[in-house]
Amino acid sequence: MAFTYPPARRSGVVDLLHGVEVPDPYRWTEDPDDPETIAFVEAQNALSLPYLEGLPERSLLHGAMQRTFDVPRTGGPLLRNGVAVYARNDGLQDQPVYFVREGEGPERMLLDPNTLSDDGAVAVVTASLSPDGTHFAYSVAEAGSDWQVIRIRDVATGEDLPEQLVEVKFSGISWHEDAFFYSRFPGADRSGIGWSTGMSIYRHVVGTDQAADTLEFSNEDEPELGYYASVFDGRLLVLGEWSGTSTKNGLLVRELTGGDWTRIRPVGEATYGVLRHDDGDLLVLTDHTAPNGCVVRIDLEDPSLVRTVMPEGGEPVETAFAADGALFIVRLVDAAHVVERWSLDGTRLGDLDLPGPGAFFEASGRPDEPHVLFSWQTFTPPSTIYRWDGSKLEHFAGAEPRLGFSVTRETATSVDGTPVGMFILRAEGTELPAPTIVYGYGGFNINVTPLFDPARLAFLEAGGVIAMTNLRGGNEHGEVWHEDGMLGNKQHVFDDFIACARHLTSAGVASKVGSHGRSNGGLLTGATVLQAPDAFDAVVAQVGVLDMYRYQHFTAGRYWTVEYGDAADPEAFEWLSAYSPLHNVGDPTGYPPILVTTAETDDRVVPMHSHKFTAELQYAAGGASDQPLLERIDRRAGHGLGKPVSKLIDESADIYGFLLHHLS
């Protein structure tokens, strides 16, 4: 099939970066409200949507996903004062519904977000339960936006209180008695795609208007820093201070009743996660001088006094929490989670007996109370909730796993000799080699662990294979692994991914290889198809970061300079120039089929990335090509947060249908 592309005007915009002239002919796409941008979006969808909908593989997978999505998925547990709140999607609901159980009593519905909009595009982003279990604070976002509104629901009556808190994003909710602390951008413009600065900490008392909230902390000298608040022991208010997406956070502390702030650690030194307050010390998970993580005691009277509680081990710690008078340590072993228990004096108490390989999420409990709830999931069973009662582990809520799937491990060798692991997913009985998708992320210290995705199951049932790669840039092997894939080392991530794709073919796993990544993973697939087009037979770059010269000028983009670098810096400009997808498009006649996806209200990775990259691909192809170079733009959707299930099924069927069609 031949494709003829809608023309896109090439302007004469040229930037001068470090003496280099850099054309930016599609600068106009940066304004989503520009009539020219709107027309571009309509023209691209007019071409891509009928093509995708007409693929027989898309129709097959869309029907299968109606079944694979139709399974209960339970997560988001909260536990306070014997009251448990958790979210469950019974299958095809657009948004999960929140239920409450008091003690051993029956569950009842607390909140159904599906009633908050006609199209399911309003989602709950953050939820928190008051210490006495009487109030449920939750934030909602519309159409996938990062901006949120915090509301408060009476647990007993199921009714919302009158107040609504705005100017909120990237915020937690931390309670003390009848009030909670949250992060806010006072006076922010919530309508545009520009930066938000001046994040501050406020205290809200239940039953009062937001105008009465008290400002607890702000930093006018460094308005680009971000802050989150946590209450410990009913006494201390601890602030985490962060710069961009760096995990090297600062710590400040003061008494809840007020007083001066004491700086415990500076921003930019190391990762510091406070677990609990104990006898005048903060117990802290840190990678300071311990890349795989350790737990230390920091003396609040003299923060220079540090004692090790749990020493660094051979495998990295991803997270930890305090409950049942102990520390629960979540460690990564072959990119899957193991949960250990340690005493406060550093004695290992044993491991939790969990089905695996799996991934741990969303624990809820109190430092000195025995009961803990947490979510656990693997690639094929949906998310379920387990409860630790102080002596044993038991299933608390959720569905039984799906059977008939195989998960194995393979290892590729990158160009510099680094071994790169991956999970291989297939249905039992699938003969190899088979059509294979290689999926990756590789950045921001984010791991690819065993997560349930019903869309993948439909592809596996159709005879495909999926390889989930553990590339440098994540934290699968500690902070050193992360740093070896960031800033000037970013090319290592691309090399790892290409090596995985080639290994799958040489090892007899793949008959053809397609690549799929989203966000930073969309950058990954966009960059690697240009560097090694022969390694891939089809490519999907989903909501990708594709303009590496200008990403930092929009919304959350400025936070990513600690991971990518800023083109304003001459050294960073050199490495960004080497891989920026927009600026490395060559002759598309040698490229495989490419599908670029974005969403019109994505205020995380703004749509201009996908628009520019698509326009440049289609221009380089001379306005027409035999293989598709297409863009799919979702409406009333953002970066993916809280996307309705109906939209997820449509989008997933398009993506997997496109890949299966070109890999078969």
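Our subject in this report is the structure included herewith. (Residues numbered from 1 in each chain as written. Predicted model: local features only at pLDDT ≥ 70, side-chain atom pairs only at ≥ 80, totals over all residues. Heavy atoms only, no water.)

## Quick look at the overall build of the chain
Formally: Each helix is a run of H or I in the DSSP string that is no shorter than four residues. Each strand is a run of E no shorter than two, and both are numbered from the N terminus. In this setup the radius of gyration rests on C-alpha atoms only. A globule is expected at 2.2 Å times the number of residues raised to 0.38. Whether two residues are in contact is decided by their heavy atoms: any pair within 4.5 Å suffices. All accessibility values rest on the Shrake-Rupley procedure with a 1.4 Å probe; residue burial counts only the protein chains present in the view. Only four residue types enter the tally: Lys and Arg on the positive side, Asp and Glu on the negative side; His and the chain ends are excluded. Note that the charge is assigned to NZ on lysines, CZ on arginines, CG on aspartates and CD on glutamates.
The number of helices and strands found in the chain is ten helices and 40 strands. Expected size for 664 residues packed as a compact globule is a radius of gyration near 26 Å; at 25 Å, the chain falls within 12% of this value. Along the longest, intermediate and shortest principal axes, the C-alpha atoms of the chain span 70 × 55 × 50 Å. When contacts within the chain are restricted to residue pairs at least 6 apart in sequence, those whose partners lie at least 24 apart make up 57%. Accessible area for the chain stands at about 24,500 Å²; split by element, carbon and sulfur atoms hold 50% of it. In the chain, which carries 48 positive and 96 negative side-chain charges, the distance between the mean positions of the two groups comes to 3 Å.

## Some points on the pattern of salt bridges
Convention followed: Salt-bridge detection follows one rule: a side-chain nitrogen of Lys or Arg within 4 Å of a carboxyl oxygen of Asp or Glu. Only protein chains enter the accessibility calculation, which uses a 1.4 Å probe; a residue is then buried when its area is under 20% of its type maximum, exposed when over 50%, and partly exposed in between.
Tallied over the entire structure, the rule returns 44 salt bridges. Across the salt bridge formed by Arg387 and Glu104, the nearest N and O atoms sit 3.5 Å from each other. With Arg387 in strand β30 (residues 384–388) and Glu104 in the loop between β6 (97–102) and β7 (108–111), this residue pair connects regions lying 283 residues apart in the sequence. With relative accessibility at 13%, the residue Arg387 sits in the buried group. Judged by relative accessible area, Glu104 falls into the exposed class, the value being 63%. Salt-bridge contacts for Asp368 lead to Arg276; the nearest nitrogen and oxygen are separated by 3.2 Å. Separated by 92 residues along the polypeptide, Asp368 in the loop between β28 (359–365) and β29 (372–377) and Arg276 in strand β20 (residues 272–278) bring together distant segments of the chain. The exposed category is assigned to Asp368, whose relative accessible area is 56%.

## Considerations on the environment of Leu354
With respect to the element layout, Leu354 can be found in the loop between β27 (348–351) and β28. Judged by its relative accessible area of 16%, Leu354 falls in the buried class. For the pair Leu354 and His337, spaced 17 residues apart in the sequence, the C-alpha separation amounts to 9.4 Å. When neighbours within four sequence positions are excluded, Leu354 is seen to be in contact with Val339, Phe374, Trp376, Tyr386 and Leu393.

## Focus on the sheet that holds strand β21 (residues 281–286)
In plain terms, the rule: Think of it this way: DSSP has to see at least two bridges between two strands before they count as a pair. Fitted lines through C-alpha atoms give the axes, limited to the stretch in contact for helices. The angle between two N-to-C directions lies from 0 to 180 degrees.
An order of β20-β21-β22-β23 is seen for the four strands of this open sheet, with the pairing classed as antiparallel. For this open sheet the edge positions go to β20 and β23 (306–310), each flanked by a neighbour on one side alone. When the angles between neighbouring strand axes are averaged without regard to direction, this sheet yields 30°. Both β21 and strand β22 (residues 294–299) contribute to a ladder of six bridges, which runs antiparallel. Along β22, the bridge assignment pairs Leu283 with Arg297.

## Let's talk about the pairing of β27
One ladder, built from three bridges, connects strand β26 (residues 336–342) with β27; its direction is antiparallel. Bridge assignment links Glu340 to a residue of β27, and that residue is Asp351. The turn joining β26 and β27, which pair antiparallel and follow one another in sequence, is formed by five residues; a positive phi near 100° is taken by Gly346.

## A short note on the nonpolar core
We count it as follows: Buried Ala, Val, Leu, Ile, Met, Phe, Trp, Tyr and Cys residues form a nonpolar core when they are joined through side-chain atoms within 4.5 Å.
Counting residues in hydrophobic clusters, the biggest one holds 99 residues, and the most contacted among them are Met65, Phe536, Trp560 and Tyr564. Here this core gets nine residues from one element, more than from any other, and that element is helix α10 (residues 645–663). In contact with Trp560, other than residues within four places in its own chain, are Thr245, Phe444, Val545, Tyr551, Gly565, Arg604 and Val605.

## What about the packing of helix α5 (residues 490–506) against helix α6 (residues 520–531)?
How we decide: Should an angle lie under 35 degrees it is considered roughly parallel, over 145 roughly antiparallel, and from 65 to 115 roughly perpendicular; all remaining angles are considered oblique. Each residue is assigned to one of three groups, with Ala, Val, Leu, Ile, Met, Phe, Trp, Tyr, Cys and Pro labelled nonpolar, Asp, Glu, Lys and Arg labelled charged, and all others, Gly among them, labelled polar.
Put simply, α5 and α6 touch, their axes get as near as 10 Å, and they point 70° apart. In terms of orientation, α5 lies roughly perpendicular with respect to α6. Contact with α5, carried on its side by Lys490, Gln491, Val493, Phe494, Phe497 and Ile498, involves Asn520, Leu523, Leu524, Thr525, Ala527, Thr528 and Gln531 of α6 and no other residues of that element. Residues that form the contact of α5 with α6 fall into these classes: seven nonpolar, five polar and one charged.

## As for the side chain of Asn249
Relative to the helices and strands, Asn249 is located in the loop between β17 (236–242) and β18 (250–255). In this structure, Asn249 is in contact with Tyr228, Glu241, Pro266, Val267, Ala270, Thr271 and Tyr272, ignoring residues within four places of it in sequence.

## What to know about the sheet that holds strand β33 (residues 419–427)
Strands belonging to one sheet form pairs held by backbone hydrogen bonds; the direction of such a pair is parallel or antiparallel. What the eight strands build is an open sheet, ordered β32-β33-β35-β34-β36-β37-β38-β40; its pairing is mixed. On the outer flanks of this sheet lie β32 (405–413) and β40 (629–634), each paired with one strand and no other. With strand direction ignored, the average angle separating the axes of adjacent strands in the sheet is 20°. When β32 meets β33, the two strands line up antiparallel, connected through nine bridges.

## As for the packing of aromatic side chains
Keep this limit in mind: The aromatic pairing rule takes the rings of Phe, Tyr and Trp, using the six-membered ring of Trp, and pairs them if the centres are within 6.5 Å, calling planes under 30 degrees apart stacked, those over 60 edge-to-face and the rest tilted. Lysine NZ or arginine CZ positioned within 6 Å of the ring centre and within 35 degrees of the ring normal marks a charge as sitting over the ring.
For the structure on display, the rule yields 28 aromatic pairs. Ring centres 5.7 Å apart and planes at 10° place the aromatic pair Phe321 and Phe360 in the stacked group. Taken together, the positions of Phe321 in strand β24 (residues 317–323) and Phe360 in strand β28 put the pair 39 residues apart, joining distant regions of the chain. For the pair Phe321 and Phe360, one class covers both residues: buried. Ring pairs connect the aromatic residues Phe321, Phe328, Phe360, Phe374, Tyr386 and Trp388, which therefore count as one cluster. Seen from the ring of Tyr619, Arg10 lies directly overhead, with NZ or CZ sitting 3.7 Å from the centre. One Lys or Arg, Lys169, reaches over the ring of Phe185 and ends 5.8 Å from the middle of that ring.

## Some thoughts on helix α1 (residues 35–53)
This is how the line gets drawn: Working rule for helices: expected span equals 1.5 Å times residues minus one. Throughout, bend refers to the angle between the axes fitted to the seven residues that end at a position and the seven residues that start at it. Side-chain atoms alone can form a polar contact between residues adjacent in sequence; in general such a contact is a pair of N or O atoms within 3.5 Å, and within protein one must be able to donate a hydrogen while the other accepts it.
The terminal C-alpha atoms of α1, which comprises 19 residues, lie 27 Å apart, in line with the 27 Å expected from a rise of 1.5 Å per residue. At Asn45, α1 shows its maximal kink, close to 25°. The set of residues buried in α1 consists of Thr37, Phe40, Val41, Gln44, Asn45, Ser48, Tyr51 and Leu52. For α1, the secondary structure elements touched by its buried residues are β1 (3–4), α2 (56–68), β38 (594–599), α9 (608–620), β40 and α10. Here α1 starts with a cap whose side-chain oxygen sits 2.7 Å from the backbone nitrogen of Glu36, and that cap is Asp34.

## Description of α5
Across its 17 residues, α5 extends 25 Å between first and last C-alpha, which sits within 8% of the 24 Å expected from 1.5 Å per residue. For α5, the full list of buried residues reads Lys490, Val493, Phe494, Asp495, Asp496, Phe497, Ile498, Ala499, Cys500, Ala501, His503 and Leu504. Where α5 ends, the next residue or the one after it, Gly508, has phi of about 80°, a positive value.

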